[in-house]
Amino acid sequence: LQEYCFRCATNLALLDKERKLEYFEALRKLIDKQKIFYTRLSLSDDPEAKMVIENMKQSIVMLGADPKLTILDMFDDLLKKITQFETHLNK
């Protein structure tokens with residue numbers, strides 16, 4: 001799912017409307033899974049889990065999230081942006 005989303009993101013301008021909508025739906029699924037993964041990691045005291053959390057945060061910021069937000073809020077912010085893209089695409 002992650003590989004599919006990355007592949008679509010790099011070719012987004014070339015995708016037709018239907019494929020873009022499929023990509024947005026896949027991206028939503030991926031973000032939901034990432035939220036669950038983050039929640040599980042955040043319950044751990046393992047230093048490696050904490051490192052993964054920090055890497056997640058940096059990756060989310062690179063996707064356009066506000067670095068001042070919590071990770072879960074960043075995910076929610078990205079979901080809102082997907083909805084905005086869909087709304088714009090459907091106009």
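These numbers were taken from a predicted model, which means no experiment stands behind them. (Residues numbered from 1 in each chain as written. Predicted model: local features only at pLDDT ≥ 70, side-chain atom pairs only at ≥ 80, totals over all residues. Heavy atoms only, no water.)

## Quick word on the packing of helix α2 (residues 17-42) against helix α3 (residues 47-62)
Thinking step 1. At a minimum axis distance of 9 Å, the contact between α2 and α3 shows a crossing angle of 145°. Note on packing geometry: the crossing formed by α2 with α3 is left-handed. Of the residues in α3, those touching α2 at Gln34, Phe37, Tyr38, Leu41 and Ser42 are Ala49, Val52, Ile53 and Met56.
Thinking step 2. The residue makeup of the contact of α2 with α3, split by class, is 7 nonpolar, 2 polar and no charged. (Axes fitted to C-alpha atoms, helices over the stretch in contact; angles between N-to-C directions. Helix = DSSP H or I, 4+ residues; strand = E, 2+ residues; numbered from the N terminus. Left-handed = near helix turned anticlockwise from the far one by under 90°. Contact = heavy atoms within 4.5 Å. Nonpolar A, V, L, I, M, F, W, Y, C, P; charged D, E, K, R; others polar.)

## Let's talk about the packing of aromatic side chains
Thinking step 1. One pass over the full model with this rule turns up 2 aromatic pairs.
Thinking step 2. Here tyrosine 23 and phenylalanine 24 contribute two aromatic rings whose centre-to-centre distance is 5.6 Å and whose plane-to-plane angle is 45°, an arrangement assigned as tilted.
Thinking step 3. The class for tyrosine 23 is buried, based on a relative accessible area of 8%.
Thinking step 4. Given the relative accessible area of 5%, phenylalanine 24 is considered buried.
Thinking step 5. Taking the centre distance of 6.1 Å and the plane angle of 15° together, the rings of phenylalanine 24 and phenylalanine 85 count as stacked. A residue pair is termed long-range when its members are at least 10 positions apart, and phenylalanine 24 in helix α2 and phenylalanine 85 in helix α4 (residues 71-89) qualify at 61 residues.
Thinking step 6. One aromatic cluster is present, formed by Tyr23, Phe24 and Phe85 through successive ring pairs. (Phe/Tyr/Trp six-rings, centres within 6.5 Å; stacked < 30°, edge-to-face > 60°. Buried < 20%, exposed > 50% of the residue type's maximum accessible area, 1.4 Å probe, protein only.)

## Details of the nonpolar core
One broad trend across soluble globular proteins is that nonpolar side chains are buried collectively.
Thinking step 1. Among the nonpolar cores identified, the biggest contains 22 residues, and Leu27, Ile31, Ile60 and Phe75 are the most heavily contacted of them.
Thinking step 2. Of all the elements in the fold, those that place two or more residues in this core are α1 (2-10), α2, α3 and α4.
Thinking step 3. Looking at which element gives the most residues to this core, the answer is α2, with 8 residues.
Thinking step 4. The residues contacting phenylalanine 75, other than those within four sequence positions of it, are Ile31, Gln34, Lys35, Tyr38, Met56 and Ile60. (Core = buried A, V, L, I, M, F, W, Y, C linked by side-chain atoms within 4.5 Å.)

## Here we look at the packing of α1 against α2
Thinking step 1. Viewed as axis vectors pointing N to C, α1 and α2 meet at an angle of 135°, and their least axial separation amounts to 9 Å. For the element pair α1 / α2, the angle class is oblique. Note that α1 runs across α2; the crossing there is left-handed. Packed against α1, whose contacting residues are Gln2, Tyr4, Cys5, Cys8 and Ala9, the element α2 presents Arg19, Glu22, Tyr23, Ala26, Leu27, Leu30 and Gln34 at the interface. (Parallel < 35°, antiparallel > 145°, perpendicular 65-115°, else oblique.)

## Topic: α2
Thinking step 1. Taking 1.5 Å of rise per residue, the 26 residues of α2 would be expected to cover 38 Å, and the 37 Å separating its terminal C-alpha atoms lies within 8% of that figure.
Thinking step 2. For α2, the full list of buried residues reads Lys20, Tyr23, Phe24, Ala26, Leu27, Arg28, Leu30, Ile31, Tyr38 and Leu41.
Thinking step 3. In this structure, the buried residues of α2 make contact with α1, α3 and α4. (Expected span 1.5 Å × (residues − 1).)

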